[in-house]
Amino acid sequence: MPYEVTTAVFEGPFDLLLHLITRNQVDIYQVSLSSIVDAYVAELDKLRHVNLDVATEFLLIAAVLLELKARRLLPGSDDIDDEEELALWEERDLLLARLFECKTFKDAAGALMRMMDAAGRSFPRTAGLEARFVELSPDLLTGVTPDRLRLACLAAMTPRPQPRVDLDHVAPIRASVGDAVAELVVLLPGAGTMSFAQLTADAGDRLSVIVRFLAVLELYKRGWVDVAQPGNFGELQVWWLGDEGDGGDPAPFSPLDAIEEYQG
Amino acid sequence: MASEVERAIEAIVMVAEEPIPPHLLAQILEVTPARVEEVCRQLAEGYAGEDRGFQLVRVAGGYRFQSHPDLAGYVERFALEGQATRLSPAALETLALVAYKQPVSRAQVAEVRGVSVDSVMRTLQHRGYISEVGRDPGPGQAVLYGTTARFLEKLGLDSLDQLPALAQFVPGPEVMEALDAGLRHGAGRPEPGGPAWVADDGEADAEADGEP
Amino acid sequence: MASEVERAIEAIVMVAEEPIPPHLLAQILEVTPARVEEVCRQLAEGYAGEDRGFQLVRVAGGYRFQSHPDLAGYVERFALEGQATRLSPAALETLALVAYKQPVSRAQVAEVRGVSVDSVMRTLQHRGYISEVGRDPGPGQAVLYGTTARFLEKLGLDSLDQLPALAQFVPGPEVMEALDAGLRHGAGRPEPGGPAWVADDGEADAEADGEP
């Protein structure tokens with residue numbers, strides 16, 4: 001075998017969790033959340049040398065696991081906020097779904113490998129045309145000048161914009177509702193009432209407008225603003241009602257509270 | 001005696017570098033693609049029946065000659081150069097994701113894998129299994145990846161349709177139950193003697209993951 | 001049924017790019033060269049008797065498969081119509097790298113290009129634009145490639161010295177990038193259904209891959 005795994009190298013958090021759960025699959029009643037979480041955290045401990053990005057992903061899952069475990073350990077969970085409880089179960093279902101997906105592709109990968117191994121036992125003929133026919137082949141260099149060749153070489157040697165951090169998932173404009181809310185709670189108290197058009201006058205693009213709108217809704221939900229619209233497609237008016245409980249703290253949101261990145 | 005079409009197909013496939021699509025053979029031979037397919041099937045069966053050391057196969061959308069898998073030992077002794085090392089488990093799983101979800105962006109792949117896949121994707125591209133096939137029309141215009149003709153060749157497939165259905169890898173209810181239990185049970189069930197396997201930090205067993 | 005030696009010879013010769021000397025076959029199969037010659041003669045007679053479209057011939061000190069001379073008309077049509085007519089921008093980059101960086105190994109070219117270049121290098125070699133010029137002295141002894149006299153002739157150059165110097169002017173990074181992007185994305189795609197141009201391995205598009 002060209003590769004042989006001698007130490008546990010888990011390619012990702014789901015990989016590890018899947019491994020920990022399914023290795024005890026023989027008797028599912030032996031599987032205990034508690035021991036899985038412990039084992040997971042024990043593995044995390046070994047990951048200290050791993051780069052930050054990887055470790056972060058593992059930690060994220062660890063946090064969810066620990067929360068699940070903590071919830072399980074609580075004797076009576078009647079007094080626990082329903083919404084929180086629900087959110088936790090949602091997390092759990094999400095985790096379950098991702099484990100499921102991870103397992104599916106792991107097995108698919110196994111099948112691909114078997115197919116490759118089987119196909120790899122045959123070697124293709126690639127000999128190409130016999131010499132006497134080669135002259136008949138179209139000349140691939142038609143239209144290629146020495147200068148084009150030079151440009152092609154330069155192009156090939158130009159470092160690709162590639163070794164960058166993977167930003168594919170980041171929209172060019174990052175607009176967060178949290179930031180927009182913070183802006184509005186500075187802007188609105190002074191003005192009292194503003195139209196939505198005024199609020200978005202400086203918004204450069206549709207995405208920013210949407211984010212501002214979501215911010216207004218968020219404030220409305222919290223009872224800090226009131227909104228009125230005089231009929232369909234009418235100009236939306238936003239009133240500042242103020243934050244009764246707290247002396248107008250301009251940064252009312254904890255980072256994990258409502259800040260979402262919108263990618264459009 | 002062998003027909004002209006039969007012989008011409010043998011001659012042309014013999015001098016090709018890549019699998020030759022049947023429509024190209026049909027065009028050169030001035031017969032229908034269906035006839036080409038039929039003759040190729042007969043030829044392939046003939047070689048198999050005569051126990052030849054080579055095969056005529058349909059792969060990546062065309063026909064090619066290749067050595068019989070039985071004789072891999074001999075051919076490997078001759079052609080050491082062409083031997084690529086096997087893909088790592090991580091690379092294989094990433095490749096499976098691209099194969100089944102294509103066209104797909106790196107970020108989408110990373111999301112399922114739970115880790116950054118930049119270097120693995122580069123390796124796969126380097127080896128010619130995947131390539132850029134377009135750009136996401138949405139904001140960000142992420143590069144989208146798909147598998148290549150070479151991927152099909154490496155798997156011995158004629159087309160992507162021949163990939164085994166993903167549904168067949170979806171874990172059965174017992175796995176679902178185990179996963180579910182793993183994230184649910186255990187409140188009042190301390191394991192007798194403690195989780196002995198926690199100390200066992202040795203093998204990363206892909207096999208133990210419930211392969212058939 | 002065919003003997004193991006017979007089948008192994010068929011397999012190895014089928015996969016070889018060059019005529020294989022009988023002593024090499026003998027060594028791989030652990031039989032005497034005389035036995036190899038005998039089996040090859042039998043095989044050749046067999047193909048002739050069965051009226052195959054290919055022959056096993058002894059040429060340049062070795063054995064190889066080739067198309068039957070009877071069928072030269074078809075093979076000529078294939079050479080004219082069935083092959084790539086031009087290089088894709090990506091394939092041109094591969095050729096340019098070989099021209100400017102020779103002697104260079106396939107792996108080195110692939111490294112710079114970031115994609116597999118096996119098939120384009122093979123095509124360039126078959127068409128006589130590049131050839132093996134030596135072996136890397138280091139471990140692995142990779143084959144090193146350089147351009148040929150034919151390449152110079154097609155470009156209208158007397159010698160490699162006449163290739164325009166790479167560093168005549170050094171464009172700024174943004175120019176380079178634009179140039180790069182232009183070459184890579186600006187050009188069209190290979191026409192579906194016909195190998196109209198030579199592309200790097202990774203260049204096949206997903207749609208074409210899926211076609212039956």
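About the cut-offs
- Within every chain, residues take consecutive numbers counted from 1 along the sequence as written.
- Each chain is given a letter, starting from A, and each ligand a number, starting from 1, according to the order in which they appear as written.
- Only residues with pLDDT of at least 70 get local features here, since the model is predicted, and only at 80 or more are side-chain atom pairs given and counted; chain-wide, interface and lining totals rely on the full set of residues.
- Only hydrogens and water are set aside when side-chain values are computed; all heavy atoms of the structure are taken into account.
- What counts as a helix is a DSSP run of H or I of at least four residues, what counts as a strand is a run of E of at least two, and both are numbered from the N terminus.
- Buried means the residue's accessible area, taken with a 1.4 Å probe over protein chains only, is under 20% of the maximum for its type, while exposed means over 50%, and partly exposed covers the values in between.
- What makes two residues a contact is simply this: any of their non-hydrogen atoms within 4.5 Å.
- For every accessible area listed, the method is Shrake-Rupley and the probe measures 1.4 Å; residues are considered covered only by the protein chains on display.
- Two strands pair if DSSP finds at least two bridges between them.
- Take the buried Ala, Val, Leu, Ile, Met, Phe, Trp, Tyr and Cys residues and link them wherever side-chain atoms come within 4.5 Å; each set so joined is a nonpolar core.
- Throughout this description, the term salt bridge denotes a Lys or Arg side-chain nitrogen within 4 Å of a carboxyl oxygen of Asp or Glu.
- Note: buried area is the sum, over both parts, of the accessible area (probe 1.4 Å) each one loses when the two are combined.
- The definition of a polar contact used here is a pair of N or O atoms within 3.5 Å, where within protein one atom must be able to donate a hydrogen and the other to accept one, and adjacent residues in sequence count solely through side-chain atom pairs.
- Axis definition: a line fitted to C-alpha atoms, over the contacting stretch in the case of helices. Angles run 0 to 180 degrees between N-to-C directions.
- Note that the term roughly parallel is reserved for angles under 35 degrees, roughly antiparallel for angles over 145, roughly perpendicular for angles of 65 to 115, and oblique for everything else.
- Handedness of a helix crossing follows the sense of rotation of the near helix relative to the far helix, less than a right angle counterclockwise being left-handed and clockwise being right-handed.
- Put simply, Ala, Val, Leu, Ile, Met, Phe, Trp, Tyr, Cys and Pro go in the nonpolar bin, Asp, Glu, Lys and Arg in the charged bin, and everything else, Gly too, in the polar bin.
- An arc is given here, and it is the one of the directions from the helix axis to the C-beta atoms.
- Only centres within 6.5 Å qualify two rings of Phe, Tyr or Trp (six-membered ring in Trp) as a pair; their planes then separate them into stacked at under 30 degrees, edge-to-face at over 60, and tilted for everything else.
- Cavity and pocket criteria rest on a 1 Å grid covering protein atoms alone: a 1.4 Å probe that fits but cannot get out defines a cavity, protein on both sides within 12 Å along at least 5 of 7 lines defines an open pocket, and an atom within 4 Å of a point defines a lining residue.
- Grid points are joined across faces, edges and corners, and a volume is the space filled by probe spheres set on the points.

Visitor: Please give an account of the overall build of chain A that cites residues and values.
Guide: Along its length, chain A carries nine helices and five strands. Seen in sequence order, chain A has helices and strands lined up from the N terminus as α-α-α-α-α-α-β-α-β-α-α-β-β-β. Taken across its 264 residues, chain A has 44% of its residues classed as buried. Partitioning the contacts of chain A with sequence separation of at least 6, the portion at a separation of at least 24 is 60%. On chain A, roughly 14100 Å² of surface is accessible, and the fraction owed to carbon and sulfur atoms is 57%.

Visitor: Give a detailed account of the overall build of chain B, specifying residues and quantitative values.
Guide: The secondary structure content of chain B amounts to nine helices and five strands. Along its sequence from the N terminus, chain B presents helices and strands in the succession α-α-α-β-β-α-α-β-α-α-β-β-α-α. The 212 residues of chain B split such that 52% are buried. Considering only residue pairs separated by 6 or more positions, chain B has 47% of its internal contacts joining residues 24 or more positions apart. In the structure as shown, chain B presents an accessible area of about 8700 Å², 52% of it carried by carbon and sulfur atoms.

Visitor: Let's hear about the pairing of strand S1 (residues 54-59) of chain C: which residues, and what values?
Guide: Residues and elements named next belong to chain C. Where S1 and strand S2 (residues 62-67) come together, six bridges link them in antiparallel fashion. Paired with Val-59 across the strands is Gly-62, a residue of S2. Turn length for the S1-S2 hairpin, with the two strands adjacent in sequence and antiparallel, is two residues, and the turn residue Ala-60 shows positive phi of about 50°.

Visitor: Provide a residue-level description of the nonpolar core, including the pertinent values.
Guide: When a protein is soluble and globular, its nonpolar side chains tend to lie buried together. The biggest cluster of nonpolar side chains holds 60 residues, and the ones touching the most others in it are Ile-9 and Phe-65 of chain B together with Ile-9, Phe-65 and Phe-78 of chain C. Broken down by element, the residue count for this core peaks at eight residues, all from helix H1 (residues 4-15) of chain C. Filtering out sequence-adjacent residues up to four positions away, Ile-9 of chain B remains in contact with Leu-25, Leu-29, Val-36, Val-39, Cys-40 and Leu-43 of chain B.

Visitor: So what's going on with the pattern of salt bridges? Residues and values would help.
Guide: Counting across every chain of the model gives 30 salt bridges over all chains. In this structure, the salt-bridge partner of Arg-132 of chain A is Glu-130 of chain A, at a minimum N-O distance of 3.0 Å. Note that Arg-58 of chain B is salt-bridged to Glu-37 of chain B, the shortest N-O span being 2.7 Å. Linking Arg-58 of chain B in strand S1 (residues 54-59) with Glu-37 of chain B in helix H3 (residues 33-49), this pair joins segments that are 21 residues apart in sequence. A network of salt bridges, in which partner residues are shared, links Glu-10, Glu-50 and Arg-52 of chain B together with Glu-10, Glu-50 and Arg-52 of chain C.

Visitor: Mind laying out the interface of chain A and chain C, listing which residues take part and the relevant values?
Guide: Between chain A and chain C, the residue contacts involve 35 residues of the former and 53 residues of the latter. Summed over both sides, the interface of chain A with chain C buries roughly 4100 Å², with 66% coming from carbon and sulfur. The closest approach of N and O atoms between Glu-135 of chain A and Arg-150 of chain C, which form a salt bridge, is 2.7 Å. At the junction of chain A and chain C, the tally comes to 10 residue pairs in polar contact (both at pLDDT 80 or more). Counting only elements with at least two residues in the side of chain A that touches chain C, the list comes to helix H5 (131-134) and helix H6 (146-157) of chain A. Here the element with the most residues in the side of chain A that touches chain C is H6 of chain A; it accounts for 12 residues.

Visitor: Could you give an account of the sheet that holds strand S5 (residues 143-147) of chain B, with specific residues and numbers?
Guide: In space, the three strands of this open sheet follow the order S3-S5-S4 (chain B), with antiparallel pairing throughout. Each of the sheet's edge strands pairs with one partner strand only, and the pair in question is strand S3 (104-105) and strand S4 (130-135) of chain B.

Visitor: Tell me about the packing of helix H2 (residues 22-29) of chain B against helix H4 (residues 72-81) of chain C, residues and numbers included.
Guide: Each pair of packed helices can be summarised by the angle the axes make with each other and by the distance between the axes. Put simply, H2 of chain B and H4 of chain C touch, their axes get as near as 10 Å, and they point 125° apart. With respect to H4 of chain C, the axis of H2 of chain B lies oblique. The way H2 of chain B lies across H4 of chain C gives a crossing that is right-handed. On H4 of chain C, the residues touching Leu-24, Gln-27, Ile-28 and Leu-29 of chain B of H2 of chain B are Tyr-74, Arg-77, Phe-78 and Glu-81 of chain C. By residue class, the composition of the contact of H2 of chain B with H4 of chain C is five nonpolar, one polar and two charged.

Visitor: Can you tell me about helix H7 (residues 118-126) of chain B, naming the residues and giving the values?
Guide: All names here are of chain B. Listed in full, the buried residues belonging to H7 are Asp-118, Val-120, Met-121, Leu-124 and Gln-125. Angular distribution of buried residues about the axis of H7 spans 165°; they occupy a single face of the element. Each element contacted by the buried residues of H7 is listed here: helix H5 (89-101), helix H6 (106-113), S4 and S5. Once H7 ends, the next one or two residues include Gly-128, with phi positive near 85°.

Visitor: Hey, could you go over the environment of Arg-58 of chain B for me, with residue numbers and the actual values?
Guide: Residue and element names in this part refer to chain B. Here Arg-58 falls in the partly exposed class, since its relative accessible area comes to 21%. Taking the C-alpha atoms as reference points, Arg-58 and Ala-44, 14 residues apart in sequence, are found 9.5 Å from one another. Within the local environment of Arg-58, its side chain forms a polar contact with the side chain of Asp-158, the two groups lying 2.8 Å apart.

Visitor: Could you give me a rundown of the packing of H1 of chain C against helix H3 (residues 33-49) of chain C, with the residues and numbers involved?
Guide: Residues and elements named next belong to chain C. The contact between H1 and H3 brings their axes to 10 Å, and the two run at 75°. In this view, H1 runs roughly perpendicular relative to H3, as classed from their interaxial angle. Facing H1, whose interface residues are Val-5, Glu-6, Ile-9 and Glu-10, H3 presents Arg-35, Val-36, Val-39, Cys-40, Leu-43 and Tyr-47.

Visitor: Any chance you could break down the packing of aromatic side chains for me, citing the residues and the numbers?
Guide: The description of an aromatic ring pair uses the distance of the two centres, along with the angle that the planes make with each other. Inspection of the entire model under this criterion finds 10 aromatic pairs over all chains. Judged by centre distance (5.9 Å) and plane angle (80°), the ring pair of Phe-54 of chain B and Phe-65 of chain C falls under edge-to-face. In this pair, Phe-54 of chain B sits in strand S1 while Phe-65 of chain C sits in strand S2, so the two residues belong to two different chains. In this structure Phe-54 of chain B comes out as buried when scored by relative accessible area, which is 1%. A residue is classified by how much of its surface remains accessible, and Phe-65 of chain C, at 2% relative accessible area, is buried. In this structure an aromatic cluster arises from ring pairing among Tyr-47, Phe-54 and Phe-65 of chain B together with Tyr-47, Phe-54 and Phe-65 of chain C.

Visitor: Tell me about helix H1 (residues 4-14) of chain B, residues and numbers included.
Guide: H1 of chain B sits mainly inside the fold: nine of its 11 residues count as buried. Within the sequence span of H1 of chain B, burial applies to Val-5, Arg-7, Ala-8, Ile-9, Glu-10, Ala-11, Ile-12, Val-13 and Met-14 of chain B.

Visitor: Which residues make up the sheet that holds strand S6 (residues 143-147) of chain C, and what are the values?
Guide: Residue and element names in this part refer to chain C. Strands sit in the order S4-S6-S5 across an open sheet of three strands; the sheet is antiparallel. Two strands close off the open sheet at either side, each with one partner strand: strand S4 (104-105) and strand S5 (130-135). Relative to S6, S4 runs antiparallel, the two being bridged by two bridges. The residue bridging Val-104 from the neighbouring strand is Tyr-145, located in S6. Set on the sheet, helix H5 (residues 89-101) makes contact with S4, S5 and S6; between it and S6 the angle comes to about 95°. Across the sheet, helix H7 (residues 118-126) lies against S5 and S6, angled at about 105° from S5, the strand it touches most.

Visitor: Break down empty space enclosed by the protein for me, citing the residues and quoting the values.
Guide: Under the defined criterion, the tally for this structure stands at two cavities of 30 Å³ or more. What lines the largest cavity is simply Cys-102, Phe-105 and Lys-106 of chain A together with Glu-93, Leu-97, Val-112 and Arg-113 of chain B. Elements with a contribution of two residues or more to the lining of the largest cavity: helix H4 (82-119) of chain A together with H5 and H6 of chain B. If one sorts the elements of the lining of the largest cavity by residue count, H4 of chain A sits on top with three residues. Here the lining of the largest cavity is built from residues that sort into four nonpolar, no polar and three charged. Estimates place the volume of the second largest cavity at around 40 Å³. Class assignment for the residues of the lining of the second largest cavity results in two nonpolar, three polar and two charged.

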